[in-house]
There are 2 protein chains.
Amino acid sequence: MHTSKNNEVYSRLQKLREIMRQKKIDAYIVPSSDPHLSEYLPQYWRCREWLTGFDGSAGTLVLTQDFAGLCTDSRYWEHAEYQLDGTGIQLIKATGGEFASVKNWLSTQVKTGQTVGVDGYVISLIQGRQLEKHMQKNKIHTETNYDLVSEIWVNRPALPKENIYEHDMNFVSESRKEKLAKVREKIREHKAKWHVIASLDDIAWLCNLRGSDTLFNPLFLSYALIGEEVTFLFVDAEKLPTQLKEKLVEDEIRLKNYEDFLQVLSGLENTFVLMDPRRTNFNMQKNFKKTVIVIEEPNPSVILKAKKGEREITHIRSVMERDGAAFCEFLTWLEARLKHQEKGISEITVVEKIEEFRKKLPNYVGPSFHTIVGFNENSALPHYRPILAAHRVIEGDGLLLIDTGGQYLGGTTDMTRVIPVGKVNFLQKQDFTYVLKALIALSTAQFPKSIRAPMLDAIARAPLWAQGMDYGHGTGHGVGYFSSVHEGPQAISFHALSEINTAMEVGMVTSIEPAIYRKGQWGIRLENLVLNRESIKTEFGEFLCFETLSLCPIDTQCVEISLLTMDEIEWLNSYHAVVQERLEPYLSQEAKDWLMAKTAAVSMKPIF
Amino acid sequence: MHTSKNNEVYSRLQKLREIMRQKKIDAYIVPSSDPHLSEYLPQYWRCREWLTGFDGSAGTLVLTQDFAGLCTDSRYWEHAEYQLDGTGIQLIKATGGEFASVKNWLSTQVKTGQTVGVDGYVISLIQGRQLEKHMQKNKIHTETNYDLVSEIWVNRPALPKENIYEHDMNFVSESRKEKLAKVREKIREHKAKWHVIASLDDIAWLCNLRGSDTLFNPLFLSYALIGEEVTFLFVDAEKLPTQLKEKLVEDEIRLKNYEDFLQVLSGLENTFVLMDPRRTNFNMQKNFKKTVIVIEEPNPSVILKAKKGEREITHIRSVMERDGAAFCEFLTWLEARLKHQEKGISEITVVEKIEEFRKKLPNYVGPSFHTIVGFNENSALPHYRPILAAHRVIEGDGLLLIDTGGQYLGGTTDMTRVIPVGKVNFLQKQDFTYVLKALIALSTAQFPKSIRAPMLDAIARAPLWAQGMDYGHGTGHGVGYFSSVHEGPQAISFHALSEINTAMEVGMVTSIEPAIYRKGQWGIRLENLVLNRESIKTEFGEFLCFETLSLCPIDTQCVEISLLTMDEIEWLNSYHAVVQERLEPYLSQEAKDWLMAKTAAVSMKPIF
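Residues numbered from 1 in each chain as written. Chains lettered and ligands numbered in written order. Predicted model: local features only at pLDDT ≥ 70, side-chain atom pairs only at ≥ 80, totals over all residues. Heavy atoms only, no water.

Asker: Which parts of the structure should I look at to understand the relation of the copies chain B and chain A?
Answerer: One chain copy maps onto the other through a rotation about an axis and a shift parallel to that axis. Between the two copies, chain B and chain A, the superposition gives an RMSD of 0.0 Å; the rotation angle is 180° and the shift along the axis is 0.1 Å. On this basis, the relationship between the two copies can be described by a two-fold rotation axis. (Least-squares fit on C-alpha atoms with pLDDT ≥ 70 in both.)

Spelled out as structure tokens, the structure:
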């Protein structure tokens, strides 16, 4: 296969190689990130996508004069293989972290004395240091000063110019003044005079502002510099309506040009600056004068933001009802059509129809990520997403996996359900039931306050491990409040073991999403969002439990009841009773009937 | 209280304070360690014990001109409070790691511009760096060059002179030549020319040698320096019989004086040295010339040593039978006496009697740690150990906790059982049963190969968490082979989350020891050693399971059967069937009868 797209990729890589020769860089890596270390990127920073044609949210290009590789994790292997086909770019399967795999690849492929290059503005300070150290050990030079792509990307898209708006006080628990006061208290505790923030979710939370600069995340490009009295917000002022500008000034937030950030940073002298080495880029700190002492600590806003306040929790619960009801309306619609074997319903129809139902909801802003819809073998690809060029029509027997979420002014949703289409075989039911057992095991867990979130991973996995089954991704990610759908610090994932500051605290929202993927056959994933709540206090300490936030039936047609314990059956029935009670008020009569059937209690068949 | 011991402590601390003033050190810390970072110390290095009178295996003295504190973890709080009473030394309760607590204490108590001192030879390189960095952040100077205690400790004990002997090839899976070859392969992989080892367990394993320089660990003071061709062993040559010296030379191991180690190190030039920053002390590396490049990696021997070979596993199984049988003989003896309400049987009697039974066994060398025997409220202290000055007589009703282990040429044991004395109440039975559920949950777990050991912690804790219960220590530690009873790298403990290289691999031996402690009432801990074995291989990967190694009945009089599931009852009965079958051949008739009764199968009482 040698399409025009592939010719383009080839020509771009050749141009990049030429510049590499000029700059004496033997291997160049292009990560998928921006100076704010964002997950979802504005077009301007999609260098890796522009170079390779691969559009996954994770993946690093590694390039030498005679090799081109794309390193990405298991979520994207199939998708990358499809998109890279014919480009000559080889897939490098990352296991145990993409960045670690890139480092290992570099140290085996690059020779002593050679030079590895990367744009230091799109890797974190921690990553940059690790890379330098790792290369040093192998006597390889690291060059972080060049963004080589900018030299060859003619007509590079402009930075986004989308409007910034206020996240209304009706929806948030604290004013920006209150939030700034809390952050300043932490700055003082760390004995710093200034605090620099580069991460967009932290800035949006702190200022109670939102934007639309990237898909899925309601954030805007900016930096913040917080002093003892004044706060500078570096942002394109044209994005802000006049009234909002005035309000910010009233709240002692001074606006500066986005482009002037580094210059202001380099003007600081004889002072102490608090900075998060995981949430600022490697090159940023090069702008500090020598008299500036950097205090490296996690952004105080990370943990403050993760602990949702009472007002926010009330909104989240309400959003879950609306979002769940919309999804039930969609399922009612879908199942009626599938029942009559209506032709032409495809994975793409599902994506579009869900959006159609959500759009009717109050305070809905947009999807919180690319909706994942996979039928049968496509559902076995954890991050499969149907595209016009390649997708399946839903017909015959099988399982349909749907993972979808929305951004609302009152919260962010993310839920996965698996829908039976036609006949479901015993093996599929068995897999579904074990995934359900895993979901129940963790959803019902009680655990000590401040336990590190990764510790809980094994509770979900144990029922699957017992059957010799497992899944390659984490069990749960933190979820933002009308913010990033992946927003920590907590993560219920053994991959996050070495990350700091991942204690479980009251008010955190996290996903629980165990799964089984059988390549080429089917995939099953069940995902609910849960809220950390106080449980009991005993002589052994304080304990937390989860409140399941997501509201939508789990299809009992796929459940092999005989594999469940009495406690598990009880959980399923009481969850369905709650779903029924809370969604009913929002449903059409047709969907109500559907819901009644779907939430009917199940019981263990008597053995005799 | 002002005893002569307390006067002595006071006078020593005053002398130390005087030297601190001379050296301009504002705060001095005395950890419990030696240049090999050992857990159990020869008398020579027991500086903290000599200064404070506190003899626990963990604890750091922190001293200023007007304050003296001892920082130790929850295992030793009660013991330390007892021993420190009247000394004026305050207990500082370490939570989340002793060293971290000491650092935090220092940064809050020591002022900007002041100096903190510690003997850099008794903290690890990693700890030294962390300390320096932490102090620097608080603008406090760190001085690591002085061992101030040596200046005031008149008649400091000499270094031990115990014999070194060979760990016979009958007991080990590989010769020292084979082991050295494997380590050299790793040295080459890391592109180093030399590898320096300071940890005594690594050296003993590598050389197939054992000694008796410390209590409980059959190790000897030494350093090793491995080159491409030659290996230097730095050891007091008088400890070695002539024949063994010759054998070592034959195997290309050259002996050097223990005292000459640093000098040889400082003679290395223009080379690359592999070194474990967690297993070498902070001051050691100061001896390297500037032309020496240090490559910091875990000692290759750590993981090689942890994966026991087939011959070793065969010996371990056999040792478990003998050790378990000796313990059953002891229990038969004890219960007969308790039944007849014999007077005067104390916790100390138990310690002595267990040793008496073990001493009869072939290849028994000595206890692997201080036997812990606690009756009723004493059992609630996880690391309580009866001493002549304070211990309980076993009389009346209650629970007796015994945690004991032995060193054998064919392995190291460590087991905990709780014995009912007189009547056991319902709450005690309930606690015992939940601990048993925790033990069973983890013992029966199947888990992916290479999973990090701390991940498994929650599987044992979940049944306790569900009841609002927990325990403050780890669930499991790695166990050496006729070596340290605490020997990693693996640890089933969330405290070990950030430690590296803790993957579960076939052949590792680990403890599982869940517990419930009710202060002032009783403590229950059940501990078995388990072996990592291959389980199944599926499309999802390779899975491991545990073989329970420890063999001794779990007293079913303490079990509330109605709280167990059918699967748990089945596990208990089949474990007891194995215990019966394997111990019987080694038992006296009286103990055989006892065993038959203790291993009788239990069954769920019919509900109707």
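Asker: What exactly am I supposed to notice about the side chain of Ser199 of chain B here?
Answerer: All names here are of chain B. Mapped onto the secondary structure, Ser199 falls in the loop between strand E8 (194-197) and helix H8 (200-207). A relative accessible area of 4% means that Ser199 is categorised as buried. Beyond its immediate sequence surroundings of up to four residues, Ser199 is in contact with His36, Arg279 and Asn299. (Helix = DSSP H or I, 4+ residues; strand = E, 2+ residues; numbered from the N terminus. Buried < 20%, exposed > 50% of the residue type's maximum accessible area, 1.4 Å probe, protein only. Contact = heavy atoms within 4.5 Å.)

Asker: For this particular structure, what's the right way to read the domain arrangement of chain A?
Answerer: The parts lose accessible area when they come together, and the size of an interface is often stated as this lost area. Residue and element names in this part refer to chain A. The domain boundaries assigned to chain A delineate domain 1 (4-151), domain 2 (165-304) and domain 3 (307-595). Computed from C-alpha atoms alone, the centre-to-centre distance between domain 1 and domain 2 is 29 Å. Buried surface at the junction of domain 1 and domain 2, summed over both partners, amounts to about 1,800 Å²; 60% is from carbon and sulfur atoms. Our enumeration of links across domain 1 and domain 2 arrives at one salt bridge. Measuring nitrogen to oxygen at the nearest pair gives 2.3 Å for the salt bridge that ties Arg129 to Glu296. (Domains from an automatic or database assignment. Buried area = accessible area lost by both parts, 1.4 Å probe. Salt bridge = Lys/Arg side-chain N within 4 Å of Asp/Glu carboxyl O.)

Asker: Help me understand helix H15 (residues 457-465) of chain B, please; the structure alone is not making it clear to me.
Answerer: Helical geometry note: an α-helix holds 3.6 residues per turn, so side chains three or four residues apart project in the same direction. Counted residue by residue, H15 of chain B has eight buried out of nine residues, so it is predominantly covered. When we look at burial in H15 of chain B, the residues that qualify are Asp457, Ala458, Ile459, Ala460, Arg461, Pro463, Leu464 and Trp465 of chain B. Structurally, H15 of chain B contributes buried residues whose contacts are with strand E21 (446-448), helix H15 (457-465) and strand E28 (541-548) of chain A together with helix H14 (426-443), strand E23 (491-492) and strand E25 (515-518) of chain B.

Asker: When you look at the sheet that holds strand E19 (residues 411-412) of chain B in this model, what are you seeing that I'm missing?
Answerer: Strand pairing in a sheet relies on backbone hydrogen bonds, with the paired strands running either antiparallel or parallel. Residue and element names in this part refer to chain B. Strand order in the open sheet made by the three strands is E15-E18-E19, with antiparallel pairing throughout. Single-partner strands in this sheet number two, and they are strand E15 (364-367) and E19. Bridging between E15 and strand E18 (residues 406-408) involves three bridges; their strand directions are antiparallel. The residue of E18 that forms the bridge with Gly366 is Gln407. Of the strands in this sheet, E15 and E18 are in contact with helix H13 (residues 347-359), which crosses E15 at around 170°. (Pairing = 2+ DSSP bridges. Axes fitted to C-alpha atoms, helices over the stretch in contact; angles between N-to-C directions.)

Asker: How should I be thinking about the interface of chain B and chain A in this particular structure?
Answerer: With 35 residues of chain B at the interface, the matching set in chain A holds 36 residues. Between the two partners, chain B and chain A, sit four salt bridges. The partner of Glu539 of chain A in a salt bridge is Arg518 of chain B, with the nearest N and O atoms 2.4 Å apart. Applying the counting rule to chain B against chain A returns 12 residue pairs in polar contact (both at pLDDT 80 or more). Put simply, the parts of the chain that give the side of chain B that touches chain A at least two residues each are strand E21 (446-448), H15, E25 and strand E27 (528-538) of chain B. The leading source of residues in the side of chain B that touches chain A is H15 of chain B, at five residues. Tallied by class, the residues present in the side of chain B that touches chain A amount to 20 nonpolar, six polar and nine charged. (Polar contact = N/O pair within 3.5 Å; in protein donor to acceptor, adjacent residues only side chain to side chain. Nonpolar A, V, L, I, M, F, W, Y, C, P; charged D, E, K, R; others polar.)

Asker: Whenever I open this one, the pattern of salt bridges confuses me. Can you help?
Answerer: Pairing of side chains with opposite charge becomes possible as their charged atoms draw close. One pass over the full model with this rule turns up 78 salt bridges over all chains. Residue Arg358 of chain B pairs with Asp323 of chain B through a salt bridge whose shortest N-O separation is 2.6 Å. Placement of the pair is Arg358 of chain B in helix H13 and Asp323 of chain B in helix H12 (residues 310-339), with a sequence separation of 35 residues. For Arg358 of chain B, a relative accessible area of 3% gives the class buried. Owing to a relative accessible area of 4%, Asp323 of chain B belongs among the buried residues under this scheme. Within the structure, one salt-bridge network assembled from shared partners comprises Asp201, Asp202, Arg279, Lys305 and Glu487 of chain A.

Asker: Mind showing me how you'd approach the packing of aromatic side chains here?
Answerer: To describe a pair of aromatic rings, you give the distance between the ring centres and the angle between the ring planes. One pass over the full model with this rule turns up 30 aromatic pairs over all chains. Here Phe327 of chain B and Phe330 of chain B contribute two aromatic rings whose centre-to-centre distance is 5.7 Å and whose plane-to-plane angle is 45°, an arrangement assigned as tilted. Here Phe327 of chain B and its partner Phe330 of chain B are both found in helix H12, three residues apart, which amounts to about one turn of the helix. Here Phe447 of chain B and Phe546 of chain B contribute two aromatic rings whose centre-to-centre distance is 4.9 Å and whose plane-to-plane angle is 45°, an arrangement assigned as tilted. Note that Phe447 of chain B is positioned in strand E21 and Phe546 of chain B in strand E28 (residues 541-548), a separation of 99 residues in sequence. No difference in accessibility class separates Phe447 of chain B from Phe546 of chain B, as the two residues are buried. Aromatic rings pair up to connect Trp194, Tyr223, Phe232, Phe234, Tyr258 and Phe261 of chain A into one cluster. (Phe/Tyr/Trp six-rings, centres within 6.5 Å; stacked < 30°, edge-to-face > 60°.)

Asker: Would you mind going over the environment of Leu91 of chain B with me for this structure?
Answerer: Residue and element names in this part refer to chain B. Within the secondary structure layout, Leu91 lies in strand E4 (residues 90-94). As a C-alpha pair, Leu91 and Leu61 span 30 residues in sequence and 9.5 Å in three-dimensional space. The residues contacting Leu91, other than those within four sequence positions of it, are Leu70, Thr72, Trp77, Ala80, Glu81 and Leu84.

Asker: What is the right way to look at unusual backbone geometry in this model?
Answerer: With the exception of glycine, the majority of residues adopt a negative phi angle, and the majority of peptide bonds are in the trans configuration. Here Gly488 of chain A and Pro489 of chain A are connected by a cis peptide whose omega angle stands at 20°. Relative to the helices and strands, Pro489 of chain A resides in the loop between strand E22 (476-477) and strand E23 (491-492). Positive phi, close to 60°, is recorded for Lys24 of chain B, a residue that is not glycine. Unlike most non-glycine residues, Glu252 of chain B shows phi in positive territory, near 60°.

Asker: Is there a simple way to think about the sheet that holds strand E13 (residues 272-275) of chain A in this case?
Answerer: Residue and element names in this part refer to chain A. Strand order in the open sheet formed by six strands is E12-E11-E10-E8-E13-E14, with mixed pairing between adjacent strands. In this open sheet, the two strands that pair with only one neighbour each are strand E12 (253-256) and strand E14 (293-296). Mean inter-strand twist for the sheet, computed between neighbouring axes without regard to direction, equals 25°. Set on the sheet, helix H7 (residues 176-189) makes contact with strand E8 (194-197), strand E10 (223-226), strand E11 (231-234), E12 and E13; between it and E10 the angle comes to about 65°.

Asker: Explain the nonpolar core to me, please; I cannot follow it from the model alone.
Answerer: As a rule of thumb, nonpolar side chains are buried together in soluble globular proteins. All names here are of chain A. Core analysis: the largest hydrophobic core is formed by 96 residues, its most contacted members being Phe330, Leu400, Leu436, Leu456 and Met504. In terms of residue count, helix H12 (residues 310-339) provides more of this core than any other element does, 13 residues in total. Phe330 has contacts with Val350, Lys353, Ile354, Phe357 and Ile402, leaving out every residue within four places of it along the chain. (Core = buried A, V, L, I, M, F, W, Y, C linked by side-chain atoms within 4.5 Å.)

Asker: Would you take a moment to explain the confidence of the model for chain A for this structure?
Answerer: Atom-level detail of predicted coordinates should not be read off regions where pLDDT is low. Per-residue pLDDT for chain A has a mean of 94; in total, 98% of the residues score no lower than 70. Two numbers describe this predicted complex: its pTM, 0.93, and its ipTM, 0.91. (pLDDT = per-residue confidence, 0-100.)

Asker: Could you clarify how one ought to interpret the pairing of strand E12 (residues 253-256) of chain B in this entry?
Answerer: Looking along a regular strand, one sees side chains alternate from face to face of the sheet. Residues and elements named next belong to chain B. Strand direction decides the pairing type here: strand E11 (residues 231-234) and E12, joined by four bridges, are parallel. From the neighbouring strand, Phe234 faces E12, where its bridge partner is Lys256. Crossover handedness for the path E11 to helix H9 (residues 242-250) to E12: right-handed. (Right-handed = clockwise from strand over helix to strand, strands pointing away.)

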